[in-house]
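# Examining the three-dimensional arrangement
Listed below, chain by chain, are the residues.
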Amino acid sequence: MSRLPLQNLETAPEASRPFIERALGNNGFVPNLIGVLANAPTAVETYFTVGEINGRASLTLAEREVVQITAASVHGCEFCVSGHSAIALKKAGFDRATVVALQQRGITGIARYDALVAFTRAVIVSRGNVGDGELKAFLDAGFTQAQALEVVLGISLATLCNFANNLAASEINPQLQDFRPGVLQP
């Protein structure tokens, strides 16, 4: 059970309701993350605004999902690991083995993704103070300096979601249960 109320269209503050409607339209259900964030209209607005900006990054959808799954795993947010695993499979064209490897903080065998995972982890663990070698390895994998900052952008979005879910102890919606770490199989 969530430690914070899960808002819906009837209970949410008026300023949060358009965002709940948008989530419902996008997903066919209201993810518990949105129900939690809707307690603070500025938090749910930030989620949607930063998400839209992140969606315009030069990183591909697949690469953005690598960042999101990696950050959620490092931050211990099973809700977001599950949700982004669903997106990776349904929208970004991932195979199950790659998603499971990301969930388990393993090697995907896809050099570009593995470099992105390593850099994302390094940014999180060092709080952005990555070593020269870590940045060089990221750039040598074909990424740009601008994309290094886009990783930071993706981590900022993940941090909002991961920390809100961890604070609330959000349950994973039934629609995402099949994508949970340990449930999803290669």
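To be clear, the structure that these remarks concern was listed above.
In this text, all values refer to a predicted model and were calculated from it rather than measured experimentally.

About the thresholds
- Residues numbered from 1 in each chain as written.
- Predicted model: local features only at pLDDT ≥ 70, side-chain atom pairs only at ≥ 80, totals over all residues.
- Heavy atoms only, no water.
- Core = buried A, V, L, I, M, F, W, Y, C linked by side-chain atoms within 4.5 Å.
- Buried < 20%, exposed > 50% of the residue type's maximum accessible area, 1.4 Å probe, protein only.
- Helix = DSSP H or I, 4+ residues; strand = E, 2+ residues; numbered from the N terminus.
- Contact = heavy atoms within 4.5 Å.
- Phe/Tyr/Trp six-rings, centres within 6.5 Å; stacked < 30°, edge-to-face > 60°.
- Expected span 1.5 Å × (residues − 1).
- 1 Å grid on protein atoms, 1.4 Å probe; cavity = no way out; pocket = protein on both sides within 12 Å on 5 of 7 lines; lining within 4 Å.
- Points joined across faces, edges and corners; volume = space filled by probe spheres on them.
- Nonpolar A, V, L, I, M, F, W, Y, C, P; charged D, E, K, R; others polar.
- Axes fitted to C-alpha atoms, helices over the stretch in contact; angles between N-to-C directions.
- Parallel < 35°, antiparallel > 145°, perpendicular 65-115°, else oblique.

Right, let's talk about the nonpolar core for a bit. Among the nonpolar cores identified, the biggest contains 53 residues, and Val66, Phe79, Phe94, Leu116, Phe119, Phe138 and Val151 are the most heavily contacted of them. Those elements giving two or more residues to this core turn out to be α1 (17–27), α2 (32–37), α3 (41–55), α4 (61–75), α5 (78–90), α6 (96–103), α7 (111–125) and α9 (145–168). With eight residues, α7 is the largest single contributor of residues to this core. Leaving out residues up to four positions away in the same chain, Phe79 has contacts with Pro31, Asn32, Leu33, Asn165, Ser170, Glu171, Ile172, Asn173 and Leu176.

Okay, the packing of aromatic side chains next. Per the stated rule, a full pass over the model turns up five aromatic pairs. Seen in terms of ring centroids, Phe94 and Tyr113 are 5.4 Å apart; in terms of plane orientation they differ by 10°. Their pairing is stacked. With Phe94 in the loop between α5 and α6 and Tyr113 in helix α7, this residue pair connects regions lying 19 residues apart in the sequence. By relative accessible area, which is 8% here, Phe94 ends up buried.

Here we come to α7. An α-helix turns once every 3.6 residues. As a result, residues three or four positions apart point the same way. Taking 1.5 Å per residue as the helical rise, α7 with its 15 residues ought to reach 21 Å, and the 21 Å between its terminal C-alpha atoms agrees with that figure. Summarising the contacts, the buried residues of α7 are in contact with α4, α6, α8 (132–140) and α9. Arg127 sits one or two residues past α7 and shows a positive phi near 55°.

By volume, the largest pocket amounts to about 980 Å³. The wall of the largest pocket is formed by 31 residues, among which Asn27, Tyr47, His84, Ile87 and Lys91 lie closest to the centre. The set of elements that each furnish at least two residues to the lining of the largest pocket consists of α1, α2, α3, α4, α5 and α9. In terms of residue count, the dominant contributor to the lining of the largest pocket is α5 (seven residues). For the lining of the largest pocket, a count of residues per class yields 16 nonpolar, nine polar and six charged.

Each pair of packed helices can be described by the angle between their axes along with the distance between the axes. Direction vectors running N to C along α1 and α3 enclose 50°, while the axes themselves pass 10 Å from each other. Considered as vectors, α1 and α3 are oriented oblique to each other. Residue-level inspection shows Phe19, Arg22, Ala23 and Asn26 of α1 in contact with α3, the latter providing Val44, Glu45, Phe48 and Glu52. Grouping the constituent residues of the contact of α1 with α3 by class yields four nonpolar, one polar and three charged.

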